[in-house]
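Spelled out from the first residue to the last, the chains are:
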Amino acid sequence: MRSDPYPFYARLRETEPVHLTPYGFWAVSGYEETAALLRDNRLTSEFHRDPKWAEHRGGWESPVVNDTRMWMLMLDGAAHRRIRGIVNPVFSARSIQQMVPKIEEILERILADLGSGEGIDLIDSLALPLPVTVICGLVGLPVEDRDQCRQWTEAIGHVVDPVLSEETQQRMNTALVEFRAYITEHLAERRGDPRDDILSRLAFAEVDGERLSDDEIVANVLLLFNAGHETTVNLIGNGMLALLRNPDQLQILRDHPQLIDNGIEEFVRYDAPVQLVARIATADLEVGGRTIPAGSKLMLLLGAANRDPRRYAHADRLDVRREDIKPLSFGGGPHFCIGTMLGKVEGRLVFRELLDRYSRISLTTEDVVWRPHVNFRGLSELRVDLVHRS
């Protein structure tokens, strides 16, 4: 499943695109069904209200469960809009466009250090440092601390996985306590020295005459740091692997660089950086000919929906010329991923520069290493041989 979940997804879609699993939750794998449910206001994201969900993450009073109660990702309605409305302008099209020169500057420094040679790990040397450096600047955290911040969020990111071992729960809660203390320290600094960053924006923002509490600010800065780079790392890694395994598509992008934007959409569809989102039904639902009772838990399998042959011809084929690509990889409805545009811009710049600078990019080995997440699909390592253009 970790190395290639797509054959399993295909069997599930063909057999029962709305499937009640032996674990008690519903798995939805069809494109049409998933797209509709992402926008259905009868579904809630507030998993923190579920005692069993809390129990599997360390208990009702655990640090992780306490924080997720305040994440805008797991809030609905007015509570969700209250926090998201403050942060939205930072991720608007205009704001992202203004950031492009800075992103290009960061990318230039990374590529200068990257050089050429054999066995270069594109994840550790490029796909990871670029978005983490960018989100550090946006949030307002020191770039020199990016590796430590990444380690914390790597552990905390397991909170959205369906099943967690006790060891993972402990590591996740420990990381959250440490990262919370770190962010709290920087929040205190911003109170006396505000800057042009998300931390300062949240520290002084008011909603209906009320400021966010420190706990709300710290919880959502943690969330934004994770969301602001996680999908981009996976987009770059998964997209490059897809190209290297489909050299005809790589050549098309070399010959027609104007297709890179379309290629980004296809990468995201073909091997989704986020594989699923979870919801709880607040009312009885009729989906795909099945009745889902109120209170049911649903797993919307974004990676499966993106390869639904009812929506895309030759869905298992990478095609950078594909038309009308509308992947569900970043969710939909009110909880559509806030960092989507930033991730796509970073991905576009990376692929443009790699294809322009290197005459040959090839896999060092087919034995790629996938990260141990269920929800986030991405590579721990991607070793390639790079040859500069002469």
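Up top you'll find the structure we're talking about.
Treat the numbers as computed from the prediction; the structure is a model and nothing was measured.

K.L.:
Just to check I follow, could you spell out the overall build of the protein chain for this structure?
P.N.:
Counting its secondary structure elements, the protein chain contains 17 helices and 14 strands. A compact globule built from 390 residues would reach a C-alpha radius of gyration of about 21 Å, and the protein chain, at 21 Å, matches this within 12%. The principal-axis extent of the C-alpha atoms belonging to the protein chain is close to 60 × 60 × 40 Å. Burial statistics for the protein chain: of 390 residues in total, 58% are counted as buried. Counting contacts in the protein chain only where the partners sit at least 6 residues apart, residues at least 24 apart contribute 72% of the total. Surface summary for the protein chain: the accessible area is close to 17000 Å², and the carbon and sulfur share equals 50%. Positive and negative side-chain charges in the protein chain, numbering 46 and 59 respectively, have mean positions lying 3 Å apart.

K.L.:
Could you clarify how one ought to interpret the sheet that holds strand β11 (residues 358-363) in this entry?
P.N.:
Strand pairing in a sheet relies on backbone hydrogen bonds, with the paired strands running either antiparallel or parallel. With antiparallel pairing, the 3 strands of this open sheet are ordered in space as β4-β14-β11. The open sheet has two free edges, formed respectively by β4 (117-121) and β11, since each of these has just one partner strand. Direction aside, the axes of adjacent strands within the sheet are offset by 30° on average. In this fold helix α13 (residues 230-245) packs onto β11 and β14 (383-388), with an angle of close to 90° to the strand it touches most, β11.

K.L.:
For this particular structure, what's the right way to read the packing of helix α8 (residues 129-139) against helix α17 (residues 340-357)?
P.N.:
When two helices pack together, their arrangement is given by the angle between the helix axes and the distance between those axes. Running from N to C, α8 and α17 cross one another at 135°; their axes reach a closest spacing of 11 Å. Here α8 is positioned oblique relative to α17, judged by the angle of their axes. Remark: the crossing between α8 and α17 carries right-handed chirality. Along its contact with α8, which presents Leu130, Pro131, Val134 and Leu138, the element α17 presents Leu342, Glu346 and Val350. By residue class, the composition of the contact of α8 with α17 is 6 nonpolar, no polar and 1 charged.

K.L.:
Sorry if this is basic, but what is going on with the nonpolar core here?
P.N.:
Counting 105 residues, the largest nonpolar core has Phe91, Phe179, Leu354, Ile361 and Leu382 as its most contacted members. With 9 residues, the top contributor of residues to this core is helix α6 (residues 93-114). Excluding residues that lie within four positions of it along the chain, isoleucine 361 makes contacts with Met240, Leu244, Leu250, Arg254, Leu354, Leu355, Val384, Asp385 and Leu386. Counting 23 residues, the second largest nonpolar core, distinct from the first, contains Trp26, Leu38, Val277 and Ala315.

K.L.:
Is there a simple way to think about the sheet that holds strand β2 (residues 26-28) in this case?
P.N.:
Overall, mixed pairing links the 5 strands, which are arranged β1-β2-β10-β7-β3 in an open sheet. Looking at strand neighbours, the two that pair on one side only are β1 (18-20) and β3 (43-44), the edges of this open sheet. In terms of strand pairing, β3 meets strand β7 (residues 276-281) through 2 bridges, oriented antiparallel. Across the sheet, the residue bridging to leucine 43 is alanine 281, located in β7.

K.L.:
In this structure, what is going on with empty space enclosed by the protein? I would like to understand it.
P.N.:
Unoccupied space between atoms shows up once a probe the size of one water molecule is rolled over them. Within the structure shown, the criterion is met by 1 cavity of 30 Å³ or more. Lining the largest cavity we find Thr365, Asp367, Val368, Glu381, Leu382 and Arg383. When the residues that make up the lining of the largest cavity are grouped by side-chain class, the tally is 2 nonpolar, 1 polar and 3 charged.

K.L.:
I keep staring at the layout of surface pockets and nothing clicks. Help me out?
P.N.:
Estimates place the volume of the second largest pocket at around 450 Å³. Along the wall of the second largest pocket there are 18 residues; nearest its centre are Val90, Met99, Gly137, Leu138 and Asp196. Class assignment of the residues belonging to the lining of the second largest pocket gives a composition of 9 nonpolar, 4 polar and 5 charged.

K.L.:
Please clarify how the environment of proline 293 should be interpreted in this entry.
P.N.:
Of note, proline 293 is situated in the loop between β9 (290-292) and β10 (297-301). A relative accessible area of 39% means that proline 293 is categorised as partly exposed. For the pair proline 293 and proline 334, spaced 41 residues apart in the sequence, the C-alpha separation amounts to 23 Å. Ignoring anything within four residues of it in the chain, the contact list for proline 293 reads Trp26, Ala281, Ala283 and Asp284.

K.L.:
What exactly am I supposed to notice about the packing of helix α15 (residues 260-270) against α17 here?
P.N.:
Direction vectors running N to C along α15 and α17 enclose 120°, while the axes themselves pass 10 Å from each other. Considering only the axes of α15 and α17, their crossing is right-handed. Counted together, Ile260, Asp261, Ile264, Glu265 and Phe267 of α15 and Lys344, Gly347, Arg348, Phe351 and Arg352 of α17 form the full contact between these two elements. Residues belonging to the contact of α15 with α17 are distributed by class as follows: 4 nonpolar, 1 polar and 5 charged.

K.L.:
Is there a simple way to think about the pairing of β10 in this case?
P.N.:
Side-chain positions along a regular strand alternate between the two faces of the sheet. For β10, a buried count of 4 out of 5 residues is recorded, marking the element as mostly surrounded by other parts of the structure. For β2 and β10, the ladder comprises 3 bridges, and the chain directions are parallel. Bridge pairing in β10 places tryptophan 26 opposite leucine 298. As paired strands, β7 and β10 are joined by 5 bridges and run antiparallel to one another. Bridging across to β10, valine 277 finds its partner in leucine 300.

K.L.:
Just to check I follow, could you spell out the side chain of serine 95 for this structure?
P.N.:
Among the structural elements, serine 95 can be located in helix α6. Within the local environment of serine 95, its side chain forms a polar contact with the backbone oxygen of proline 89, the two atoms lying 2.7 Å apart.

K.L.:
Teacher, can you tell me more about the side chain of aspartate 121 here?
P.N.:
Its location among the elements puts aspartate 121 in strand β4. The side chain of aspartate 121 sits in the buried core without any salt bridge; arginine 383 is the nearest counter-charge, 4.5 Å away. Within the local environment of aspartate 121, its side chain forms a polar contact with the backbone nitrogen of leucine 382, the two atoms lying 2.9 Å apart. Not counting residues up to four positions away in its chain, the partners in contact with aspartate 121 are Ser380, Glu381, Leu382 and Arg383.

Definitions and cut-offs
Residues numbered from 1 in each chain as written. Predicted model: local features only at pLDDT ≥ 70, side-chain atom pairs only at ≥ 80, totals over all residues. Heavy atoms only, no water. Helix = DSSP H or I, 4+ residues; strand = E, 2+ residues; numbered from the N terminus. Rg over C-alpha atoms; globule rule 2.2 N^0.38 Å. Buried < 20%, exposed > 50% of the residue type's maximum accessible area, 1.4 Å probe, protein only. Contact = heavy atoms within 4.5 Å. Areas by Shrake-Rupley, 256 points an atom, 1.4 Å probe, with all protein chains shown as cover. Lys, Arg positive; Asp, Glu negative; His and termini not counted. Charge placed at Lys NZ, Arg CZ, Asp CG, Glu CD. Pairing = 2+ DSSP bridges. Axes fitted to C-alpha atoms, helices over the stretch in contact; angles between N-to-C directions. Parallel < 35°, antiparallel > 145°, perpendicular 65-115°, else oblique. Left-handed = near helix turned anticlockwise from the far one by under 90°. Nonpolar A, V, L, I, M, F, W, Y, C, P; charged D, E, K, R; others polar. Core = buried A, V, L, I, M, F, W, Y, C linked by side-chain atoms within 4.5 Å. 1 Å grid on protein atoms, 1.4 Å probe; cavity = no way out; pocket = protein on both sides within 12 Å on 5 of 7 lines; lining within 4 Å. Points joined across faces, edges and corners; volume = space filled by probe spheres on them. Polar contact = N/O pair within 3.5 Å; in protein donor to acceptor, adjacent residues only side chain to side chain. Salt bridge = Lys/Arg side-chain N within 4 Å of Asp/Glu carboxyl O.

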